[in-house]
Structure formats: structure tokens, C-alpha cells
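Coordinate analysis (summary)
Given next are the chains, with one letter for each unit.
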Amino acid sequence: MRFTLLLLCFVVSAAQSAVGQAELAGIDLTAPKMTEAELSRDEVVAMIAAGGVVDLSGRWLNGLDLSGLDLSGAVLRVAGLNNANLSGTTLKGANLDQAWLLGADLSEADLSDASLFQTQFGRANLSGADLSGSRAASNFIGANLAGADFSGTTLDDEATTAI
């Protein structure tokens, strides 16, 4: 099952790949909202400790080390997580719709049951990540998907672009 779903991710027409590249055209990837963080790891940890749903919608968290944190059920809609370290992070059931994770390290992360609509994973490391049961219509162009678990994942092949 895993092989079939991974194969589906890799089998993308040239037109779909061109669409994925076009989505990034004209975007200044050096702008502060794409490169800087407005919170520290300690501030994110304090939000988790406070209990309840962690809402980081629209926040700039680029380059932050959030590795190993439990962000289960967190709301990260439209968040900037470019080049962030999320290795081993639990994002089970999180909402990452329209989030930016360009070049992020999500190795061994738990993204099971997450919502990943229009999420930008370009050049991200998702090796060994668990995306089982998630809903994805995302850009995976250039992403490392080695050993990623896509079992039970709903992939919108019209909107998902891959390597």
C-alpha cells in the first residue's frame, strides 16, 4: 500500500509540475515573512504548556527549532515554517493548510490525520515522516519523501504536485 501511494506521488504530469513552479513565481523568498521568526521556541513551548489548542495561524516561525515538540491538533494555517527544524515533531491532526515549509526538516515527524491543503513542502525533508490518514493537496516538488508513510492518505492528484 505504501509503495502504491508513493508511486502515485511521484507520477505527476509535466503540466502539474509546471503549475507547482508557477505558484512560486513572483514570490520574494527573501522577504522577512519568508525568512524570519516572530516567536522563539520558548514562546511556542509556553503556548503548548498553557493547554488548549495551540493557534499559530499566520505566524512567522521560519528557521525555528521546533524539533520533538508535541503540536498535536495545532492550527498552523498560513504559517511560515520555511527552513524550520520539525524533525520528530508530533503534528497529529494539525491544520497546516496553506502553510509554507520550504526547505523544512520534517524527518520522522508525525503528520498523521493532518490537513495539508495548498501546503508548500518544496525541498522539505519528509524522510520517515508519517502522513497516514492525512488529507493532502500540496506541493512536494523537490521534497525528500524516502520512507514517508502515505497509507490511507487522501491525495488530490489534481492539486498535488510532486518531485
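The rules we used
Residues numbered from 1 in each chain as written. Predicted model: local features only at pLDDT ≥ 70, side-chain atom pairs only at ≥ 80, totals over all residues. Heavy atoms only, no water. Helix = DSSP H or I, 4+ residues; strand = E, 2+ residues; numbered from the N terminus. Buried < 20%, exposed > 50% of the residue type's maximum accessible area, 1.4 Å probe, protein only. Contact = heavy atoms within 4.5 Å. Areas by Shrake-Rupley, 256 points an atom, 1.4 Å probe, with all protein chains shown as cover. Salt bridge = Lys/Arg side-chain N within 4 Å of Asp/Glu carboxyl O. Phe/Tyr/Trp six-rings, centres within 6.5 Å; stacked < 30°, edge-to-face > 60°. Pairing = 2+ DSSP bridges. pLDDT = per-residue confidence, 0-100.

Summing up its helical and strand segments, the protein has 4 helices and 3 strands in all. Sequence-ordered secondary structure for the protein, helices as α and strands as β, is α-α-α-α-β-β-β. In the protein, which comprises 163 residues, the share counted as buried stands at 45%. Restricting to contacts in the protein with at least 6 residues of sequence separation, those with at least 24 account for 20%. Total accessible area on the protein stands at roughly 7300 Å², and carbon and sulfur atoms take up 55% of it.

Here we come to unusual backbone geometry. The backbone of Val78 shows a phi angle near 60 degrees, a positive value even though the residue is not glycine. Considering the arrangement of structural elements, one finds Val78 in the loop between helix H4 (41-49) and strand E1 (115-120). On the basis of relative accessibility, which here comes to 41%, the residue Val78 falls in the partly exposed class.

Once that is clear, we can look at the pattern of salt bridges. For the coordinates displayed, the defined rule picks out 3 salt bridges. Here Asp65 makes a salt bridge to Arg41, at a shortest N to O gap of 3.7 Å. You can see Asp65 sitting in the loop between H4 and E1 and its partner Arg41 sitting in helix H4, a full 24 residues away along the chain. With relative accessibility at 29%, the residue Arg41 sits in the partly exposed group.

Evaluation of the coordinates by the stated rule reveals 2 aromatic pairs. Between Phe121 and Phe140 the ring centres are 5.1 Å apart and the planes differ by 5 degrees, which places this aromatic pair in the stacked class. Note that Phe121 is positioned in the loop between E1 and strand E2 (135-139) and Phe140 in the loop between E2 and strand E3 (154-155), a separation of 19 residues in sequence. Under the relative-accessibility criterion, Phe121 is labelled buried at 1%.

Strands sit in the order E1-E2-E3 across an open sheet of 3 strands; the sheet is parallel. Each having just a single partner strand, E1 and E3 make up the two edges of the open sheet.

Turning next to the side chain of Ser115. Relative to the assigned elements, Ser115 resides in strand E1. For Ser115, the contacting residues outside a window of four places in its chain are Ala94, Asn95, Leu96, Asp97 and Arg135.

By secondary structure assignment, the location of Ala84 is in the loop between H4 and E1. When the C-alpha positions of Ala84 and Leu102 are compared, they lie 8.6 Å apart, and in sequence the two are 18 residues distant. For Ala84, the contacting residues outside a window of four places in its chain are Leu61, Gly63, Leu64, Ala104 and Asp105.

As a further point, take the environment of Asn125. Mapped onto the elements, Asn125 comes out in the loop between E1 and E2. Accessibility expressed as a relative area gives 24% for Asn125, which makes it partly exposed. In the structure, Asn125 is positioned 40 residues away from Asn85 in sequence and 9.7 Å away in space, judged by C-alpha atoms.

Put simply, the protein has an average pLDDT of 84, and 75% of its residues get 70 or more. The spread of mean pLDDT over the elements of the protein runs between helix H1 (residues 2-10), the lowest at 38, and H4, the highest at 97. Across residues 1-22, confidence stays below pLDDT 50; counting only partners more than four residues off in sequence or on other chains, it has 34 contacts.

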